[in-house]
Amino acid sequence: TEVGMVYGTPEYMAPEQALGQDIDGRADLYAIGVIAFELLTGVRPFHAENKLALLGMHVHADLPAMSDKNPNAMVPPMVERFVARMLAKKPEERFADAKALRAEATAWSTSLVVPAATSHRGSAVAGFTTVKRPGPPETCSPSMKCPVA
């Protein structure tokens, strides 16, 4: 690509990419953030009928709270902050690379608070439960059944 040229899918485009600036792997992390936001809420963080307006939102609009986009999305604050970091407007405020993103996710993902259905006198109420997951082994060989991280 050339500096000043814009290539990509506008719905997932990092601000620097929308501006035709040089990009690096952090632009991909931004796109992953859009996908994560969409997976957690059912909608992308920004929407506009006009693609140019959509690109402007990626560059200038504040990131909406996940609960504003979907009031039924029960996203733990830690997860929302994690996704928001991927969607930072400035590349230097995002994770340095995918390895750094994975390290942070691994650090807190072994103990997540997730929504759980519980019963109280025959009626369903929303509750939360802590799920402890073992971390992946330090090394995996082809003969081991290693969890996908």
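Keep in mind the model is a prediction, meaning the values are calculated, not measured.

Undergrad: Break down the packing of aromatic side chains for me, with residues and values.
TA: Evaluation of the coordinates by the stated rule reveals one aromatic pair. When the ring of Phe-82 is compared with that of Phe-95, the centres are 5.2 Å apart and the planes differ by 55°; the resulting orientation is tilted. In this pair, Phe-82 sits in helix α5 (residues 77–86) while Phe-95 sits in the loop between α5 and α6 (98–109), placing the two residues 13 residues apart along the sequence. There is no split in this pair, since Phe-82 and Phe-95 are both buried. Seen from the ring of Phe-95, Arg-85 lies directly overhead, with NZ or CZ sitting 4.0 Å from the centre.

Undergrad: Outline helix α3 (residues 51–60), supporting the account with residue identities and numerical values.
TA: Looking only at α3, the buried set comprises Leu-54, Leu-55, His-58 and Val-59. Buried residues of α3, viewed axially, fall in a sector of 140°; they line one side. On its buried side, α3 packs onto α1 (15–18) and α2 (25–41). Two to three positions downstream of the cap, the backbone nitrogen of Leu-52 sits 2.6 Å from a side-chain oxygen, assigning the N-cap of α3 to Asn-50.

What counts, and where the lines are drawn
Residues numbered from 1 in each chain as written. Predicted model: local features only at pLDDT ≥ 70, side-chain atom pairs only at ≥ 80, totals over all residues. Heavy atoms only, no water. Phe/Tyr/Trp six-rings, centres within 6.5 Å; stacked < 30°, edge-to-face > 60°. Helix = DSSP H or I, 4+ residues; strand = E, 2+ residues; numbered from the N terminus. Buried < 20%, exposed > 50% of the residue type's maximum accessible area, 1.4 Å probe, protein only. Lys NZ or Arg CZ within 6 Å of the ring centre and 35° of its normal. Arc of directions from axis to C-beta. Contact = heavy atoms within 4.5 Å. Polar contact = N/O pair within 3.5 Å; in protein donor to acceptor, adjacent residues only side chain to side chain.

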